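# Survey of secondary and tertiary structure
Below, each chain spelled out in residue letters.
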Amino acid sequence: MIEMIPGTVTLATLEDIYRNLIPAKLDASAREPVEAAAQMVAEAAAGEAAVYGINTGFGKLASTKIAPDDTATLQRNLILSHCCGVGEALPEDKTRLMMTLKLLSMGRGASGVRWLVIEQIEKMLAHGVIPVIPSQGSVGASGDLAPLAHMAAAMIGAGEATFEGTRMSSAEALKKAGLEPIVLGPKEGLGLINGTQFSTACALAGLFDAWRMAEASMTIAALTTDAIMGSTAPLVADIHTLRGHAGQIDVAEQMRGIMDGSEIRESHREGDTRVQDPYCIRCQPQVVGAALDVLRMAAKTLEIEANAVTDNPLVLVGEGRIVSGGNFHAEYVGFAADQIALAVAEIGAIAQRRVALMVDPTLSHDLPPFLTPDPGLNSGFMIAEVTTAALMSENKHLANPCVTDSTPTSANQEDHVSMAAHGALRLTRMNANLSVILGVELLCAAQGVEARAPLQTSARLQDVLAMLREDIPSLAEDRYLAPDIEAASAMVRAGRVAAAAGVEVKA
């Protein structure tokens, strides 16, 4: 169990929760401001003045006054009417992260929910009652209304949830876990469904996975450089410090360290007739370094958003006011998701060119065609390279910006939206595609380095080869390659490739 102080949680903590499915709860210090805001809401609900979301309708129906006796029904109706999500269910890791982010937002004491609402989410996380959240239906403004409504529905015993790996009605899941549905009070339904937590959770997951991809790409690019007997001169520190970008400096430093001591590199320092390597070898620090810095910019945005209050209206206890604003608009998240998508696409674009380089006998510096010892009878990695080209192209299309694609909704009341939700969702597919591109590059680079025997690569890259060969043998003759590609891709996704080389770059 991780205890969190709202407003202070780091990305490292959130990644731990995401990757290891660790339940989270708020520090007890958050209770007093939460309850103070809830008391203000209760007083407003009992009063005569119309206060949006507390004793009025919603969106275009905000001018409709609701009687005090109907406020509980109003909140329940809000949740049920907004459960309009479609598509595949969000995976458990992202759903847990979304629920955790909702705790952080409500824990700031400006949402006006009672502490028991927060406790319900905490208990569901602790007991493994995970709402079924359809992944499509949010346009990322007025909050992630549909997906968060499905989360809220599970809290009140409506909708569906999973418990111990089985999908069932949420009422049954709560009962099996020894929990009770809650009845929502004034503003609590709105506090649950207004917010950017669905989009932010998906964007954070995309960020965490993209960072792993970037670290793996440094390792695999170093292995490829040795496979084609490339030069390490472009990694000289002064080149990169003269330009000054942190990401570029980091990538060059990592690759220098990874390749240090390579016999293959030392073997062609003299007498090599090639003057320069292609850009996919020479410019890895400039390209992946730029991607690293873009990911860092997105990380800064998402860390702020993870700790933010993003529902509406907000309860300003210090001023004694309940104010309607627009913090639910996920434009920041949409921009961050688009940035991550661009970085993922470019890491894959340059990696794919290295795969193409290695299988081409006119460019690979005497490696066998398509990296097979017996070309002609065998096709080697010929079609594996084609697969990487297909996935690279797909990622280029997916990287087109989503945040610019606004459309009016809700009878033109919500007339500009962020599209952050599907902008963030696509990152899962893009990272999966990138892991395959890098996995194929890993297989090709390993085959190429082994073709340089008796010369050996560096000690750190030998560790990578040893890890790879524990599961995937060298390609001596053609075989069914799909399982090898999946196994290598899984190594990339799990962070095993970068770990084997000792690569870890600070975010």
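A brief structural summary. Here the structure is a predicted model, which means the values were calculated and not measured.

### A few points about the overall build of the protein chain
Each helix and strand counted, the protein chain has 20 helices and nine strands in total. With respect to the three principal axes, the spread of C-alpha positions in the protein chain is 90 × 50 × 40 Å. Within the protein chain, contacts between residues separated by at least 24 positions form 79% of all contacts whose residues are at least 6 apart in sequence. Counting only carbon and sulfur atoms, one obtains 54% of the accessible surface of the protein chain, whose full area is about 20,400 Å². Within the protein chain, one finds 38 positive and 59 negative side-chain charges whose respective centroids are separated by 2 Å.

### Some points on the environment of Ala 487
Positionally, Ala 487 belongs in helix H19 (residues 482-493). C-alpha of Ala 487 to C-alpha of Pro 68: the two residues are 419 residues apart in sequence and 60 Å apart in space.

### Notes on the pattern of salt bridges
With the rule as written, the count across this model stands at 18 salt bridges. Among the ionic pairs, Glu 188 bridges to Arg 114, the shortest N-O distance being 2.7 Å. Of the two residues, Glu 188 sits in helix H8 (residues 188-193) while Arg 114 sits in the loop between helix H4 (92-106) and helix H5 (115-127), which places them 74 residues apart along the sequence. Here Arg 114 falls in the partly exposed class, since its relative accessible area comes to 29%.

### Considering the sheet that holds strand E4 (residues 129-131)
On the basis of which strands lie adjacent, the open sheet formed by three strands has the order E4-E6-E7 and antiparallel pairing. The open sheet has two edge strands, E4 and strand E7 (166-169), and neither has a second partner. The mean inter-strand angle of the sheet, taken between neighbouring strand axes irrespective of direction, is 35 degrees.

### Let's talk about the nonpolar core
Grouped together as the largest cluster of nonpolar side chains are 149 residues, with contacts concentrated most on Leu 14 and Leu 204. If you tally residues by element for this core, the top one is helix H9 (residues 197-227), at 19 residues. Beyond its immediate chain neighbours, meaning those up to four positions away, Leu 14 contacts Val 9, Leu 97, Thr 100, Leu 101, Leu 104, Leu 204, Phe 208 and Ala 306. In terms of nonpolar packing, the next biggest core, distinct from the first, is built from eight residues, Ala 37, Ala 45, Val 51 and Val 315 among them.

### Focus on helix H6 (residues 145-155)
The element H6 is extensively covered by neighbouring structure, given that 11 of its 11 residues are classed as buried. Regarding H6, the residues found buried are Leu 145, Ala 146, Pro 147, Leu 148, Ala 149, His 150, Met 151, Ala 152, Ala 153, Ala 154 and Met 155.

### Here's the deal with unusual backbone geometry
Cis geometry is adopted by the peptide bond preceding Pro 313, which originates at Asn 312 and carries an omega value of -5 degrees. The topology assignment puts Pro 313 in the loop between helix H14 (284-306) and strand E8 (314-316). Between Ala 453 and the following residue, Pro 454, the backbone shows a cis peptide bond with an omega angle of 10 degrees. Relative to the elements of secondary structure, Pro 454 occurs in the loop between helix H17 (420-450) and helix H18 (459-469). Even without a glycine there, the phi angle at His 365 is positive, about 60 degrees. Among the secondary structure elements, His 365 is positioned in the loop between helix H15 (331-359) and helix H16 (382-398). By relative accessible area, which is 25% here, His 365 ends up partly exposed. If you check the backbone angles, Met 419 has positive phi at about 55 degrees while not being a glycine. Summarising the element assignment, Met 419 is placed in the loop between H16 and H17. For Met 419, a relative accessible area of 8% translates into the label buried.

### Quick look at the side chain of Arg 296
Considering the arrangement of structural elements, one finds Arg 296 in helix H14. Of note is the side chain of Arg 296, whose polar atom sits 2.7 Å from the side chain of Asp 250. Of the polar contacts made by the side chain of Arg 296, one reaches the side chain of Asp 293; its length is 3.1 Å. Residue contacts for Arg 296: discarding those within four places in its chain leaves Trp 211, Ala 246, Gly 247, Asp 250, Val 505, Lys 506 and Ala 507.

### Regarding the pairing of strand E6 (residues 160-163)
Across a regular strand the side chains alternate sides, sitting on one face of the sheet and then on the other. Of the two faces of E6, only one is covered, namely that formed by Ala 161 and Phe 163; the face formed by Glu 160 and Thr 162 stays uncovered. Two strands pair when backbone bridges link them, and E4 and E6 are joined in this way by three bridges, in the antiparallel orientation. The partner of Val 129 across the bridge, within E6, is Phe 163. Two strands pair when backbone bridges link them, and E6 and E7 are joined in this way by four bridges, in the antiparallel orientation. Across the sheet, Thr 162 pairs through a bridge with Arg 167, a residue of E7. From the end of E6 to the start of E7, which pair antiparallel, there are two residues, and Glu 164 there has a positive phi angle of about 55 degrees.

### Some details on the environment of Ile 249
Positionally, Ile 249 belongs in helix H11 (residues 246-259). Given the relative accessible area of 26%, Ile 249 is considered partly exposed. With 41 residues separating them in the primary sequence, Ile 249 and Ala 290 have C-alpha atoms 10.0 Å apart. Beyond its immediate chain neighbours, meaning those up to four positions away, Ile 249 contacts His 240, Thr 241 and Gly 244.

### Thoughts on the packing of H17 against H18
One way to put it is that H17 packs onto H18 with a least axis distance of 11 Å and a crossing angle of 115 degrees. Overall, the two elements H17 and H18 adopt an arrangement that is roughly perpendicular. Like other packed secondary-structure pairs, H17 and H18 cross with a definite hand, here left-handed. Along the contact surface, H17 presents Leu 442, Leu 443, Ala 446, Gln 447, Val 449 and Glu 450, while H18 presents Val 464, Leu 465, Leu 468 and Arg 469. For the contact of H17 with H18, a count of residues per class yields seven nonpolar, one polar and two charged.

### Focus on the packing of aromatic side chains
Counted under the stated rule, the structure contains one aromatic pair. Centroid distance Tyr 18 to Phe 208: 5.9 Å. Interplanar angle 40 degrees. Geometry classified as tilted. A residue pair is termed long-range when its members are at least 10 positions apart, and Tyr 18 in helix H1 (residues 11-20) and Phe 208 in helix H9 qualify at 190 residues.

### Thoughts on H1
Residues of H1 that are buried include every one of Leu 11, Leu 14, Ile 17 and Tyr 18, and no others. In a view along the axis of H1, the buried residues occupy a sector of 120 degrees, so they form one face of it. Once H1 ends, the next one or two residues include Leu 21, with phi positive near 55 degrees.

Definitions and limits used
- Residues numbered from 1 in each chain as written.
- Predicted model: local features only at pLDDT ≥ 70, side-chain atom pairs only at ≥ 80, totals over all residues.
- Heavy atoms only, no water.
- Helix = DSSP H or I, 4+ residues; strand = E, 2+ residues; numbered from the N terminus.
- Contact = heavy atoms within 4.5 Å.
- Areas by Shrake-Rupley, 256 points an atom, 1.4 Å probe, with all protein chains shown as cover.
- Lys, Arg positive; Asp, Glu negative; His and termini not counted.
- Charge placed at Lys NZ, Arg CZ, Asp CG, Glu CD.
- Salt bridge = Lys/Arg side-chain N within 4 Å of Asp/Glu carboxyl O.
- Buried < 20%, exposed > 50% of the residue type's maximum accessible area, 1.4 Å probe, protein only.
- Pairing = 2+ DSSP bridges.
- Axes fitted to C-alpha atoms, helices over the stretch in contact; angles between N-to-C directions.
- Core = buried A, V, L, I, M, F, W, Y, C linked by side-chain atoms within 4.5 Å.
- Polar contact = N/O pair within 3.5 Å; in protein donor to acceptor, adjacent residues only side chain to side chain.
- Parallel < 35°, antiparallel > 145°, perpendicular 65-115°, else oblique.
- Left-handed = near helix turned anticlockwise from the far one by under 90°.
- Nonpolar A, V, L, I, M, F, W, Y, C, P; charged D, E, K, R; others polar.
- Phe/Tyr/Trp six-rings, centres within 6.5 Å; stacked < 30°, edge-to-face > 60°.
- Arc of directions from axis to C-beta.

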